[in-house]
Each structure stands twice: as C-alpha cells, then as structure tokens.
Amino acid sequence: MMKIDNIELNPILLPTWRWLGVNEPQVSSAVPAAIHYDRDPRQQQDGCIRPLADMAPAAVSLAAKARGEEQDKSSARRPGQGYFIEIPAADKRTEPILLAYDCSKGQNVFDEQFILARRGCEAAVVLLYQGQGTSHQNKITVYAEKGAKLHLIKVQLLDDPAIHIGNMNVYAEDEAIVELSLAELGAGESITSLKMNLGGVGSKGNIEAIYFGDQQRKIDMNYVLRHEGRKSEGTLLVHGALLDQSEKIFRGTLDFVKGAKGAAGRELEEVILLSPEVRNRSVPLMLSGEDAVDGHHAVSVGKMNEEKLFYLMSRGLSRRDAEKMVIEASFAPLLARIPVEHIRERVEEYIRRRLDHVE
Amino acid sequence: MEKKKTFVEDIERSLYDIKNEDRPLYRSDTGLTAQIIRDISREKNDPVWMQEFRLQSLETYSQLPLPAWGPSLAELDMDKIVTYVKPDAKLTGDWTEVPADIKETFDRLGIAEAEKDSLAGVGAQYDSEVVYHSIKQELVAQGVIYTDMESALREHEDIVKEYFMKLVPPKDHKFVALHGAVWSGGSFVYVPEGVHVDIPLQSYFRLNSPGAGQFEHTLIIVEKNASLHFIEGCSAPKYNVTNLHAGCVELYVKEGARLRYSTIENWSRNMMNLNTKRALVEKDGIIEWVSGSFGSHISMLYPCSVLVGENAKAEFTGVTFASSGQTLDTGAIVVHAAPHTSSNISTRSISKDGGVVVYRGAVKVTNEAHHAKSSVNCESLMLDDHSRSDTLPVIDVMADEVDIGHEAKIGRISEEAVFYLMSRGISEEEAKAMIVRGFVEPIAKELPLEYAVEMNNLVNIELEGTMG
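In this text, all values refer to a predicted model and were calculated from it rather than measured experimentally.

(A) View of the overall build of chain B. A tally of regular secondary structure across chain B gives twelve helices and 25 strands. Computed over C-alpha atoms, the radius of gyration of chain B comes to 22 Å, within 12% of the 23 Å expected from 2.2 N^0.38 for 468 residues, which places it in the range of a compact globule. With respect to the three principal axes, the spread of C-alpha positions in chain B is 70 × 60 × 45 Å. Per-residue burial over chain B gives 65% buried out of 468 residues. The long-range fraction of contacts in chain B, counting pairs at least 24 apart against all pairs at least 6 apart in sequence, stands at 84%. Just so you have it, chain B exposes about 17000 Å², and 49% of that area is on carbon and sulfur atoms.

(B) Broad picture of the overall build of chain A. Of the regular secondary structure elements, chain A holds five helices and 20 strands. Computed over the C-alpha atoms, the radius of gyration of chain A is 20 Å, within 12% of the 21 Å expected from 2.2 N^0.38 for a compact globule of 359 residues. On the principal axes, the C-alpha backbone points of chain A span a range of 60 × 50 × 45 Å. Relative to its full complement of 359 residues, chain A shows a buried share of 60%. Restricting the contact set of chain A to residue pairs at least 6 apart, pairs at least 24 apart contribute 83%. Accessible surface, chain A as shown: approximately 13700 Å² in total, 49% of it carbon and sulfur.

(C) Structural context of the interface of chain B and chain A. Taken together, the contact pairs 43 residues of chain B with 41 residues of chain A. Taking both sides of the interface into account, the surface hidden between chain B and chain A amounts to around 3500 Å²; carbon and sulfur atoms contribute 56%. Residues Lys258(A) and Asp385(B) are paired through a salt bridge, measuring 3.8 Å at the closest nitrogen-oxygen approach. Taken together, the links from chain B to chain A amount to 18 residue pairs in polar contact (both at pLDDT 80 or more). Among the secondary structure elements, those contributing two or more residues to the side of chain B that touches chain A are β22 (356-365), β24 (388-397) and β25 (403-411) of chain B. No other element matches the ten residues that β24(B) contributes to the side of chain B that touches chain A.

(D) A look at unusual backbone geometry. Asp160(A) connects to Pro161(A) through a cis peptide bond whose omega is -5 degrees. With phi around 50 degrees, Asp244(A) is a residue other than glycine that occupies positive phi space. Within the element layout of this structure, Asp244(A) appears in the loop between β16 (233-242) and β17 (247-256). For Asp244(A), a relative accessible area of 22% gives the class partly exposed. Positive phi values are uncommon outside glycine, yet Asp353(B) reaches one of about 50 degrees.

(E) The arrangement of the packing of helix α4 (residues 319-335) of chain A against helix α5 (residues 341-356) of chain A in detail. Residue and element names in this part refer to chain A. The interhelical angle for the contact between α4 and α5, taken along N-to-C directions, is 160 degrees, at an axis separation of 11 Å. Accordingly, the angle class assigned to the pair α4 and α5 is roughly antiparallel. Between α4 and α5 lies a crossing whose hand is right-handed. Across from Lys324, Ile327, Glu328, Phe331 and Leu335 in α4, the residues of α5 making contact are Arg344, Val347, Glu348, Ile351, Arg352, Leu355 and Asp356. By residue class, the composition of the contact of α4 with α5 is six nonpolar, no polar and six charged.

(F) A look at the state of the cysteines. Scanning all chains against the criterion turns up zero disulfides over all chains. Not engaged in a disulfide, the cysteine Cys304(B) finds its nearest cysteine sulfur in Cys248(B); these two sulfurs lie 11 Å apart.

(G) Main features of α4(A). Helix length check: α4(A), at 17 residues, gives a terminal C-alpha distance of 24 Å against a target of 24 Å (1.5 Å per residue), a fit within 8%. The complete set of buried residues in α4(A) reads Ala322(A), Glu323(A), Lys324(A), Val326(A), Ile327(A), Ser330(A), Phe331(A), Leu334(A) and Leu335(A).

(H) Examining the side chain of Lys248(A) more closely. All names here are of chain A. By secondary structure assignment, the location of lysine 248 is in strand β17. Within the local environment of lysine 248, its side chain forms a polar contact with the side chain of glutamate 269, the two groups lying 2.5 Å apart. Each residue touching lysine 248, except ones within four places of it in the same chain, is listed here: Tyr211, Ile219, Leu242, Glu269, Val271, Arg279, Asn280, Arg281 and Ser282.

(I) Summary view of helix α11 (residues 428-444) of chain B. Residue and element names in this part refer to chain B. Taking 1.5 Å as the rise per residue, α11 with 17 residues should run 24 Å; its terminal C-alpha atoms sit 23 Å apart, in good agreement. The largest bend in α11 comes to about 30 degrees, at glycine 438, with the proline proline 442 one to four residues further on. Along α11, the residues classified as buried are Ala431, Lys432, Ala433, Val436, Phe439, Val440, Ile443 and Ala444.

(J) Structural context of the side chain of Asn169(A). With respect to the helices, strands and loops of the structure, Asn169(A) is situated in strand β11 (residues 163-172). Among residues more than four places away in sequence, those in contact with Asn169(A) are Asn10(A), Ala66(A), Arg67(A), Ile140(A), Thr141(A), Val142(A) and Lys195(A).

(K) View of the environment of Thr92(B). Residue and element names in this part refer to chain B. With respect to the helices and strands, the residue threonine 92 is situated in the loop between β2 (85-86) and α4 (100-108). Each C-alpha atom of the pair threonine 92 and histidine 133 lies 6.3 Å from the other, and the pair is 41 residues apart in sequence. In this structure, threonine 92 is in contact with Glu97, Val98, Val131, Tyr132 and His133, ignoring residues within four places of it in sequence.

(L) Fine view of the pairing of strand β21 (residues 342-351) of chain B. All names here are of chain B. Taking burial as the measure, the ten residues of β21 include nine buried ones, the bulk of the element. Inspection of the sheet shows β21 paired to strand β23 (residues 373-382) by ten bridges, in the parallel sense. The residue of β23 that forms the bridge with serine 343 is serine 374.

(M) Molecular detail of the nonpolar core. Counting 105 residues, the largest nonpolar core has Leu180(A) and Leu228(B) as the members making the most contacts within it. With sequence-adjacent residues up to four places away left out, Leu180(A) is seen in contact with Leu152(A), Met168(A), Val170(A), Leu194(A), Met196(A), Asn206(A), Ile207(A) and Glu208(A).

(N) Structural context of the confidence of the model for chain A. Mean pLDDT over chain A works out to 92, with 97% of the residues at or above the 70 mark. The secondary-structure element of chain A with the lowest mean pLDDT is helix α2 (residues 71-76) of chain A, recorded at 54, while strand β10 (residues 149-156) of chain A shows the highest, at 98.

(O) Spotlight on the pattern of salt bridges. All names here are of chain A. Here the structure, examined in full by the defined rule, presents 51 salt bridges over all chains. Where arginine 93 meets aspartate 46, a salt bridge forms, and the shortest distance between an N and an O atom there is 2.7 Å. Linking arginine 93 in the loop between β5 (83-87) and β6 (97-103) with aspartate 46 in the loop between β3 (35-36) and β4 (49-51), this pair joins segments that are 47 residues apart in sequence. Relative accessible area serves as the criterion here: at 19%, aspartate 46 is assigned to the buried category. With a shortest N-O distance of 3.1 Å, arginine 266 and aspartate 294 are connected by a salt bridge. In this pair, arginine 266 is assigned in strand β18 (residues 264-273) and aspartate 294 in strand β20 (residues 294-302), connecting sequence segments 28 residues apart. Judged by relative accessible area, which is 36%, arginine 266 ranks as partly exposed.

Cut-off values and rules
- Residues numbered from 1 in each chain as written.
- Chains lettered and ligands numbered in written order.
- Predicted model: local features only at pLDDT ≥ 70, side-chain atom pairs only at ≥ 80, totals over all residues.
- Heavy atoms only, no water.
- Helix = DSSP H or I, 4+ residues; strand = E, 2+ residues; numbered from the N terminus.
- Rg over C-alpha atoms; globule rule 2.2 N^0.38 Å.
- Buried < 20%, exposed > 50% of the residue type's maximum accessible area, 1.4 Å probe, protein only.
- Contact = heavy atoms within 4.5 Å.
- Areas by Shrake-Rupley, 256 points an atom, 1.4 Å probe, with all protein chains shown as cover.
- Buried area = accessible area lost by both parts, 1.4 Å probe.
- Salt bridge = Lys/Arg side-chain N within 4 Å of Asp/Glu carboxyl O.
- Polar contact = N/O pair within 3.5 Å; in protein donor to acceptor, adjacent residues only side chain to side chain.
- Axes fitted to C-alpha atoms, helices over the stretch in contact; angles between N-to-C directions.
- Parallel < 35°, antiparallel > 145°, perpendicular 65-115°, else oblique.
- Left-handed = near helix turned anticlockwise from the far one by under 90°.
- Nonpolar A, V, L, I, M, F, W, Y, C, P; charged D, E, K, R; others polar.
- Disulfide = S-S within 2.5 Å.
- Expected span 1.5 Å × (residues − 1).
- Bend = angle between axes of the 7 residues up to and from the residue.
- Pairing = 2+ DSSP bridges.
- Core = buried A, V, L, I, M, F, W, Y, C linked by side-chain atoms within 4.5 Å.
- pLDDT = per-residue confidence, 0-100.

What follows is the structure, given as structure tokens:
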C-alpha cells in the first residue's frame, strides 16, 4: 500500500517487470500536505447528508469493511471530517444528491465521503470537483446493502496544473447494484485508485470511466473489480484519448476469488492515440482462483477507426474535426448518464474547450 | 471400465524418470565462489577472455537482487546447487560410442529414432556437457555449422566472441548473470546467407544428476535470407532435491531471414526452470516461437523478440499446463523498435490439481515504431476450483499510428459442449479430454508431428482419471 499524505493507494495485485514502471502509482512531484475542505459542498438541504463524525459505530464498521480494513483497526479509527450520506432503506429517490467542491486557487485540500445505501434503496449521488486548487485529495467509501441500487457519478474537472489523488472503495452485498460513472478529466496530474468488491451473492457492479490526456498531463489509474460473491456480475468499461505529450497508465483488474462460483466479469479499455509523443500503458489483469467463472478482458490501443473518420470526412469535416468528433462520441455514453443537466453540459463544454486547442 | 487413478504422473512419467547412476568425471563443489568458477573454466579449457567473462558475471550475480515479482524462489538455495557436472562421456558423432546407460536414456526418449526419421542434425546434452552431436553432410557442404558451444568457442571463437551474451547481457537479471558465470554446453548454429535448412535441427537437454544445475547456452545466427527450424527438448528424472535450469538462448535473425524455435519442456517437478530466451530480428526477418511448458516445479520463462528492422515479425504460440505442485509463470515479450513491425501472440493455459499458471507478457512499442501492429490472445482453462490462473499482460505504447489489441478469456470446460458430445455417444471423460485437446490444438498444429504426438501424450497423462 502506498500512502500519499491522507490517501492510501492500492498496489497492483500482481507485480511484474520493474522496467515497465506499472507496479506502483507514478507520482511525478511531491504532493503538498492538505487541509480539510472547509466550505459546504451540499447543494440541497437533505437530512441524509451528515458530518462523518455523526456516524454510529455500526456504520463505521461497514465503511471499514468496504475499505477492506481489519476490524480492530477500524474500531480504533475515528472518522475524520467529511460527509456521511445515508440513503434510508427502501427510499427510492428520483432526484440525485449533489455535492460540489470548488477548490480555491493555491489551496491543498482533502475531502472524504462515506455513502451508505441501505437495503432496497435507489439513489444517485453526484460528486463534482472543480476549481483552481494546487492539489486535491479525496477518499470515497461506498457500502451498498442487500438489494440497494446506487449510481455514483464522479466528475473531476480541476484546472491545470493541479494534482488530484483519489481513492475509492466499494462493497456490494447480496443483489446490490452499484454503478460508477467516473469522468476523470481534469488536473495536470491525476492518480486514482478504485476497488469494488462484489461480496454479495448476485451483486452487480458496473464501472464506466473516461479519461482525456493532452499537453503534458499525467494520468495514473488502478481499478480493481473483485468478485467474491457467487453469481456476481461486473463490467469495467474505460474509454480514453491521449494527445500531445500526455502519459497514462491504466491498470484494470478482474479478480475472481475462490468460491465466486457463477461469477462473470468483463473488462474493456479502448484508447485512441493522436500524437506520436504520447505514452500509453495498459495493464489488464485477470486473476482467478475459481474455475466456475466467466472472465473476459480486451484492450485496444491505437488510431481511430478509419471507416468512421472516412464517413465523417465524406460529410465535409476536416480530418482533425472528424477525430474530435469521434473522441466526443466515445465519451458520450458516460456523459449521457450524468443525471444533473447543468453538470452534464458543463462537462461537454469542458471537453469541447480542451479539444479546441488541438490543431 | 474401471476408473484410473487421479494422480498418475509419477507412474506415467516413467519414460522421463529413468535415473542413471550418477558417476560424473568431474563435479564442481556446491555453491558459488570465484574458485569454483575458475575450476569450471580450467576444466573446460576456456580462453582467457571467457574466464574473465565468467568471473565478472559472478560479480554481477552477487550484486543483483532476486526478482521482486513472480513466484517465490525461496526454496532455491544456491549453496546446495552443483553448477558443473561433467559426465563420464566424450563428445562423439557416433551413437555407438555414447556410454550405454546414457545412450539408453536418449534412445528411450526417442532422440536417435527422430534423427533417422526427420532431423537434419541432433545434439544431446547430458548434465553439463554435450555427449553427442551430428549434422547431415549436405548441410556442412553448404556452410551450416551445428555444434556444441564448447567446440564453437574453440573453432569459431571470433563469431562466439562477437555474439555471446551480447543480446542477453549478464546484468539483465540475476539468473542470466548466474548463467554467464557457470554456463556449460548448449548448441551453436550458424546458417550462411541464403541457405534454407529445410529439415529441423534438434538439441535435447537431459539433466540426470540430483541437486545439479544445467546452464546450457544456445546461440543461433541465421544470416540474410536464410531459414532454419530449431527444436529444443528438455527433461529430467525426479529427485527429492531441487535442481536448477538457467539456460540462455540468443537468436540472431538477419535481414529477410526466418527462424522457427520450438520447445517442448518437460522438466521433472523438482526443477526450478529460470530460463532466458531472446531473439533480435532485423528488417523483413521473422521469428516464430512455439513453446510447450509442461514440467518443472517453478518456471519463469518469457521468450522475448526485439524487432529492430522495418517490417520484422514475431509470432509466439505457447501452451502451458500446470498440475499439482507446479507454478508455471510463462509468457512472451515483444519490443517493436522499428516501423511497420508486427507481432502475434497466442497462448493457451490449463491448470488443474492445485497447479498455478500465470501468463505474463509485455508488448512495448518505441517511438520509432510507427505503424506497428500487435495482437495478443490468451485463453485459460481451469479444470477445478483449487487451481489458479492469472493473466498479466502489459502494453506500453510510445507512438501513434499503431494497432495494438489484447484479448484474454478465462473459464472452465463448457457443460453444454460436454453434454453435446455425450449425446453423440462419447463418455464424459473422453468428451472432456477431447475438449482439452481441442483447446490446445492451435498450438499442437504448429509443432512437428512427433512433438505434437508427445504433447498430446503429455495432455493425456495429465488428464487421465482426473475428470469425469
């Protein structure tokens, strides 16, 4: 486990040759010590959003379970500052819960959330990060009880040249469904780690993520989808584009634990490269201690589909404009799932602005 | 019909388990010291530069750490390994001159028979030295050299000096450094420009001595527009002590040349197989690896193709079958370092009875390799729920205008397929065996016939009585 100030980042589950530089998260510069985010990110008055300090011991234990921490360690651990979002049992919400963080210029901030989706509830939670902070650290923990259905959307649009470090841990009980839509688009350097544990029988986890590297941007991602429960189903779908001198490492792991009979996992990463100076590292791991599983992963790295480009160019677009359109199209399915219209538009505009500089 | 026993390998492996009396002419002390290296060098009558090379490699070995990844090598105690065992047999080109027990071992492994039927040349190494070598006269007439490394060092010293451990330098990793210090035996092949060796050459490596290491060096140079198929086989009887194999293979494929390098590895299950293989491929050259890994207790083997010339190609076809007590960590590396290079990696892994297979691979595309293409396909079959199968490929691309794809699947034998075959009157056990044979078929069809048969036999040995 690598610790950067407040954030513990997961290592790759199976290390490999050192010369590839993928075993540990790559952090190019020193990360300044952070203070807690001191503004109120809540966009609505809602009794289900409370300070982390208000959590009952039972909820603290669930958070620890989601993080894979030993119980004795967690009992000693005091919840820090941040927000505890508890969706009551059977509460089926149509309106998403929104927390918007705006990092002030020059600040080094840290924030934390624990989302507890009680039995049979249905909810969407949107976390938005933007602003001109120097660095931003973030720890998200999610626990979905039996039959809960949670959609968590994380949109990170921090200005350059901020450093963003994020760690997310998710646990799903029997028949819980957790969907994650992760738009890790901003910050000059972004290091994120995610572990989703499908611990319950018939639990489902769908992770969809997009990244976009341009200029000298550095992106380091380590996502693990762990199948512990029988008949658990998971997908990990990642789309990205790299331009200019950007660099990216994506490690995506499907981990089938012994006993996860009938589990099925799918992983796909598609990367579009649009500059000879980029560096793309893709590490799709598939680990299995169980035979009765169905696992599949695929990675595709390279230039765009020529047929698509040709079609667009035949409609009068220049090659560059056609390429931009293909990139936007690859991000579109995730953006369409952002349930807050003004945020969705904000992200679309942000991507367009970033693409505008491409000649 | 009575069901066969579950664990049959100790019975059925008898062909490979013939143990001869261990009566070497010379055996180095256990462990690794500069004095042991000097003794080996003296015993082998090395030129001065080679002795220096060995001593320097030993120094590199002691400076390098064990790999921080891969299977645990804690069981390997170099202080207990004998690095040089000179058999009581002189190198000969006549089978009748090989000592009776050694000859009988190779006969039972089918080496002499294969030479008669389908090979253009044969080398047979027993412990640390090659005891038999032959090559068809018509190849000699065309300038083809196929000999043991010691003879090559004496008779073609300039060529050996130019190429030896230049592609795989001792500083690469600890066990290559070890190899540089204690290497002995192996094959040297030189195919002159434009010569096509249509029938394969084969070297067979047999380790008989308990607690010993085998460190053969294979150096093959295929000159411009020439071609060769080289086959390597390895086996050893099982002992209760750890044996070590740290061979090194260096292949030079020059412009427009083609080399196929096939290996069936069936070391005994007390063997640590830490082998290093690398090919350097020039413009329009082609390297084809065909690799079957069945034996050994622990294997770490990742043949590497470095494509340095425009339009160079690499093909890797491999099957790995791990059973009880085995951790077979295998795979392939391709470095695309020139434009329009292409590679194709296809592997099949099977694990059963607690065996662990790992596919570990890397495809690296440097910034000069625009228009590189690579396709990797890994399929894993698990035959029970106490085995393991892990896939760990890395793709590292520093260019655009490339087309790189990786795909992997994991699962068990499809019940529908078994049911279908049973509905056609085939027993469940045979249906499952058929499916496994079908699973490895893409690899088997790349092997020379007799090796495909051997591989099928190995698959059958592993499967008998374990399913159904």
